[in-house]
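These are the residues of each chain, in order.
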Amino acid sequence: MADSRTAAPARVVITGMSATSAYGRGTEPLLAGALSGQPAFGPVGRFSVERRRATAAAELPGTPVLADELAAAIGGACDMAALGPAERRSATLLLALHTDAAAAREAGALSVAGSTPAAVAARSRLADAPRVYATACVAASTAIADAAAMIVSGRAGQVVVAAGYLVDEDSFALFDGGRVLARDGQVRPFSSGRQGLLLGDGVAAVVLESAAAARGRGVSPLARLAGWGRAGDAYHVCQPCPDGSGLSRAIGAAMRRAGVDPAGIGYVNANGSGTGYADSSEAAALHRALGAYAGEVPVSSTKSVHGHALEASALLEFVLTVLVLRAGCLPVNAGYLGPDDECRLNLVLGSAREARCRYALSLNAAFGGASTALLVAAA
Amino acid sequence: MTASPALCRAVLPDGAGELTVLARSRWPARPPAALPAIPGFIISSFSPLAAELAERCLRQHFGDPPADSERGRRTAIVLASMTGDIATAAAIASAVDHGRAVPPLLFYQSNPNAVAGHIAARWGLAGPVVCTIPAGHGLADAMDSATLLIEDSAADAALVVLADQGGPDGDSGVAMLVGPARWLAQPGSHRGKPRPSGISDE
């Protein structure tokens, strides 16, 4: 283990990534879809929603199988990172997944992606998968932060973080019963008239390692994970503190770790679920953490186009944030109807906006006050 | 249940040495007791189990809730379960299979974050919240998660709860508060100060 008191902390870089969303398989359709500003929502086709209040979701066509999509995403990310067989055999896999619907109907062990974490790792020829992150909407970003901590501490060389969720009947019924799905079929983050979230397919994988390890392998990083922060808010079972204190502390921790001032941040991919109280709390968190600059930095929530992929959402959005930095073009905050006084932000509206950024924030928040901030730096 | 020293080894960021188990609890309790219900949580014993494990553990170190505000602000919650909330998942599945609407309360309790939020709000714990399904040894992996958070300076201490539902002996679990040894030397009980209205930003 590296001694963090005597050695400069390792710089964590992203060397491979892959994503599947309702726009299709691969990062190119995801970026193109997000920049188009055309939401991928449509009538649910995978199961009947006849008895539900809401009827829309963002789904891949056909009947995708999560285990197969996950294996493909992990393989794609590892290939992009040029991880050889020996490197894969020593790489840890951190998974963020929803538990299987089948597990609720059969006695037996809890399963994920129709399998066990060890079997998911073995299928991709990775060393092991010690756990599945189940921290709701911050599951995958928590896994990314843990991966970074493992690399910085010298616990791990390469870490693969993978996450997946495919829209399913149980979750749809659950969220519909909770009355948090948008009945108008659109997600409208930070907008007046927003009705709630919509579910969306999302499967993604990234390879993280130290900059030195990537350099030693002759691999060019796609981007750098300059900072990460996580915090709670000690406020409520399911609602974030209205003052945004938890997410604000996570943002502050990420900026301090990166040594970046608010003005250095060129884009925020917000959690922006499209629910009333959560969006206003997030806006408050940005103002609390960034001060007056919170009204200037461009903000959008890409959930407005690809939907909410639950445990996988933070990884899908992290991949998209890396893609946006590399493309120099900011995605639209779709579904916008008009301003909300409690969400005074510089939203990217109308069409994608060209902008060369050095740093971008990817934010996520969940039940129980769990909040994460990932600060991505251009390579 | 006791944690072996190997489960608590960590290099603390301030050079204060290894993590110390500050308090612990287990379920089933001795003498036997019933799980207290939590308002707003229905059907399943999973969330009451996690909350009661936390309650019995945290009271040993902090006394009555909430926790000392400075320590609470820097205490994380790691909630691990090998089984997950079986009863809530089964109730959701049953509602779907029979074409019924899912009760709204099941939505709120369907994720372990919900009871973690209950514990955090009651005790004023404002560190990170992490919920996991360990693949191997549940407690060892949960302690690994806590150690990583503390080594990474995301928290000074962590409440680690392992809660499992419906085993051969019914619901079972353990909870441990782990943190720096200096917290043992200086009592962490709330000393009658009013709880601050907000969490400071640092």
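In this text the structure is predicted, and so the values were computed from the model without any measurement. (Residues numbered from 1 in each chain as written. Chains lettered and ligands numbered in written order. Predicted model: local features only at pLDDT ≥ 70, side-chain atom pairs only at ≥ 80, totals over all residues.)

Overview of the confidence of the model for chain B
Residue and element names in this part refer to chain B.
- Averaged over chain B, the pLDDT score is 87; the fraction of residues at 70 or greater is 84%.
- For residues 1-9, every residue scores under 50 in pLDDT, and the model assigns this stretch 16 contacts once sequence neighbours within four places are set aside.
- Ignoring residues within four places in sequence, the model shows residues 190-197, a span with pLDDT below 50, making 10 contacts including any to other chains. (pLDDT = per-residue confidence, 0-100. Contact = placed C-beta atoms within 7 Å.)

A few points about the domain arrangement of chain A
All names here are of chain A.
- Annotation of chain A at the domain level lists domain 1 (12-188 + 195-217) and domain 2 (226-378).
- Look at where the C-alpha atoms of domain 1 and domain 2 centre, and you get two points 19 Å apart.
- Opposite the 53 residues of domain 1 that make contact, domain 2 presents 43 residues.
- Those elements that provide at least two residues to the side of domain 1 that touches domain 2 are β1 (12-21), α1 (27-36), β5 (92-97), α5 (139-152), β7 (159-165) and β8 (202-210).
- Here the residues of the side of domain 1 that touches domain 2 are counted per class, giving 37 nonpolar, 14 polar and 2 charged. (Domains from an automatic or database assignment. Helix = DSSP H or I, 4+ residues; strand = E, 2+ residues; numbered from the N terminus. Nonpolar A, V, L, I, M, F, W, Y, C, P; charged D, E, K, R; others polar.)

A look at the confidence of the model for chain A
- Averaged over all residues, the pLDDT of chain A is 95; the fraction at 70 or higher stands at 97%.
- Counting interchain partners and residues more than four positions distant, the pLDDT-below-50 stretch residues 1-5 of chain A has 9 contacts.

Overview of the nonpolar core
Residue and element names in this part refer to chain A.
- Residues L95, V160, V161, V206 and L315 are the most contacted members of the largest nonpolar core, which totals 220 residues.
- The leading source of residues in this core is α5, at 11 residues.
- Counting contributing residues, this core receives three or more from each of domain 1 (12-188 + 195-217) and domain 2 (226-378).
- Apart from residues lying up to four places away in sequence, V161 is in contact with L94, A140, A143, I144, A147, A205, V206, L208 and L315. (Core = buried A, V, L, I, M, F, W, Y, C linked by C-beta atoms within 7 Å. Buried ≥ 20, exposed ≤ 12 C-beta atoms within 10 Å, placed from the backbone.)

Concerning helix α6 (residues 169-177) of chain A
- Counting buried residues along α6 of chain A, 8 of its 9 residues qualify, which places the element largely inside the surrounding structure.
- Buried residues in α6 of chain A make contact with β4 (56-57) of chain A together with α3 (86-97) and α4 (104-109) of chain B.
- Looking one or two residues beyond α6 of chain A, the residue adopting positive phi is R179 of chain A, at roughly 60°.

Some remarks on the interface of chain B and chain A
- Taken residue by residue, the interface counts 51 residues in chain B and 53 residues in chain A.
- Where strand β6 (residues 131-133) of chain A lies against strand β3 (residues 129-134) of chain B, 3 bridges are found, and the strand directions are antiparallel. Bridged to V132 of chain A within β3 of chain B is I133 of chain B. (Pairing = 2+ DSSP bridges.)

Section: the environment of A181 of chain B
All names here are of chain B.
- Within the secondary structure, A181 is located in the loop between β5 (170-180) and α7 (182-185).
- When the 14 C-beta atoms within 10 Å are taken as the criterion, A181 is described as partly exposed.
- Between the C-alpha atoms of A181 and G117, which are 64 residues apart in sequence, the distance is 26 Å.

So, the pairing of strand β4 (residues 157-167) of chain B
All names here are of chain B.
- By the criterion of burial, β4 is predominantly enclosed, with 9 of the 11 residues buried.
- Bridge analysis of strand β2 (residues 75-80) against β4 gives 6 bridges, and the strand direction is parallel. Within β4, the position partnered with A80 by the bridge is L162.
- Relative to β5, β4 is paired through 8 bridges, and the arrangement is antiparallel. The residue of β5 that forms the bridge with G167 is G170.
- Where β4 folds back on β5, the antiparallel hairpin that results is connected by 2 residues.

A few points about the packing of α6 of chain A against α3 of chain B
- With their axes 10 Å apart at the nearest point, α6 of chain A and α3 of chain B run at an angle of 95° to one another. With respect to each other, α6 of chain A and α3 of chain B are oriented roughly perpendicular. Between α6 of chain A, through E169, D170, A173 and L174 of chain A, and α3 of chain B, the contact on the second element is made entirely by I92, A93, A95 and V96 of chain B.
- Split by residue class, the contact of α6 of chain A with α3 of chain B holds 6 nonpolar, no polar and 2 charged. (Axes fitted to C-alpha atoms, helices over the stretch in contact; angles between N-to-C directions. Parallel < 35°, antiparallel > 145°, perpendicular 65-115°, else oblique.)

Let's talk about the packing of helix α8 (residues 245-258) of chain A against helix α9 (residues 276-290) of chain A
Residues and elements named next belong to chain A.
- It is at 8 Å that the axes of α8 and α9 come closest, and there the two elements cross at 45°. By the angle between their axes, α8 is oblique relative to α9. Note that α8 runs across α9; the crossing there is right-handed. Only E282, A285, R288 and A289 of α9 make contact with α8, whose side of the interface consists of S245, L247, S248, I251 and G252.
- Residues belonging to the contact of α8 with α9 are distributed by class as follows: 4 nonpolar, 3 polar and 2 charged. (Left-handed = near helix turned anticlockwise from the far one by under 90°.)

What about the environment of R71 of chain B?
Residues and elements named next belong to chain B.
- Of note, R71 is situated in helix α2 (residues 69-73).
- Take R71: there are 24 C-beta atoms within 10 Å of it, and that puts it in the buried class.
- Residues R71 and D156 lie 85 residues apart in sequence; the distance between their C-alpha atoms is 7.9 Å.

Here's the deal with unusual backbone geometry
- Along the chain, R30 of chain B connects to P31 of chain B via a cis peptide bond; the corresponding omega equals 0°.
- Tracing the backbone through its elements, the reader meets P31 of chain B in the loop between β1 (19-27) and α1 (46-62).
- Following P65 of chain B, the chain continues into P66 of chain B via a peptide bond in cis, with omega recorded as 5°.
- Residue position: P66 of chain B is located in the loop between α1 and α2.
- Unusually for a residue other than glycine, L310 of chain A sits at a positive phi of about 50°.
- Tracing the backbone through its elements, the reader meets L310 of chain A in the loop between α10 (303-306) and α11 (313-327).
- Given 28 C-beta atoms within 10 Å, L310 of chain A falls into the buried group.
- For S153 of chain B, which is not glycine, the phi dihedral falls at a positive 65°.
- Inspection of the secondary structure assignment puts S153 of chain B in the loop between α6 (138-151) and β4.
- Take S153 of chain B: there are 17 C-beta atoms within 10 Å of it, and that puts it in the partly exposed class.

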